[in-house]
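Analysis of the macromolecular model
One-letter residues, chain by chain:
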Amino acid sequence: MKRDDERERELSAEDARLIAAIDAGMRPALMSPTRRAAFRAALDARIERGSSPWRWLAPACAATAAAAVALWLVPPVEPEAVQVALVRSTPEAAARYPFSDDDAVSAELTASSSYLPDDYRALALLIESEAGEP
């Protein structure tokens, strides 16, 4: 539907009453000429004054400072060490996550492993043989 078609479409009586009610409720009260002149003068003064950079710069600096303090106070965490400690903390966890045990992983990568294709098995055997050499 084109925009011109929408303008030419007629409103029902109910729609016209609803629009009139919304218009009446949202329309601001008329200002006296004195108040209108004072409002316009205050608006022009505000436009001339412009916006202060501190209005946006102060909160940005405060957020940056808060982030810097938080990073300074919180000690760094070694994610790998925490993960290994959590995985190996109980026998049940170690049984659920056999990949966390280095010996179990290398034992699975042998010539008898059937889950790897031939070329990957050859690479696994090569890696195991190099790891075993001093």
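None of the values given here were measured: they were computed from a predicted structure.

Moving on to the overall build of the protein chain. The helix and strand tally for the protein chain stands at eight helices and zero strands. Starting at the N terminus, the α and β elements of the protein chain follow one another as α-α-α-α-α-α-α-α. Relative to its 134 residues, the protein chain shows a buried fraction of 4%. Carbon and sulfur atoms provide 63% of the accessible area of the protein chain, an area that totals close to 12200 Å².

Applying the stated criterion across every chain yields a total of two salt bridges. As a salt-bridge pair, Arg27 and Asp23 come within 2.7 Å of each other at their nearest N and O atoms. The residue Asp44 makes a salt bridge to Arg40 at a minimum N-O spacing of 3.5 Å. Of the two residues, Asp44 and Arg40 both sit in helix α3 (residues 33-49), four residues apart, roughly one turn of that helix.

Across the protein chain, the average pLDDT comes to 76, with 61% of residues at or above 70. Looking over the protein chain, one finds the lowest element-wise mean pLDDT in helix α7 (residues 102-108), namely 53, and the highest in α3, namely 93.

Basis of the calculations
- Every chain begins its residue count from 1, and numbering advances along the sequence as written.
- This being a predicted model, a pLDDT of at least 70 is required before a residue's local features are given, and a value of 80 or more before pairs of side-chain atoms are given or counted; all residues contribute to the totals for chains, interfaces and linings.
- The basis for every side-chain value is the complete set of non-hydrogen atoms in the structure, without hydrogens or water.
- For the purposes of this entry, the term helix denotes a DSSP run of H or I that reaches at least four residues, the term strand denotes a run of E that reaches at least two, and both are numbered from the N terminus.
- The cut-offs for exposure are 20% and 50% of the maximum accessible area for each residue type, with area from a 1.4 Å probe on protein chains only; residues under the lower value are buried, those over the upper are exposed, and the others partly exposed.
- For accessible areas, the Shrake-Rupley method is used with a probe of radius 1.4 Å. Any residue's cover is judged against the shown protein chains and nothing else.
- Salt bridges are defined as contacts in which a side-chain nitrogen from Lys or Arg sits within 4 Å of a carboxyl oxygen from Asp or Glu.
- Residue-level confidence of the predictor is what pLDDT reports, using numbers from 0 through 100.

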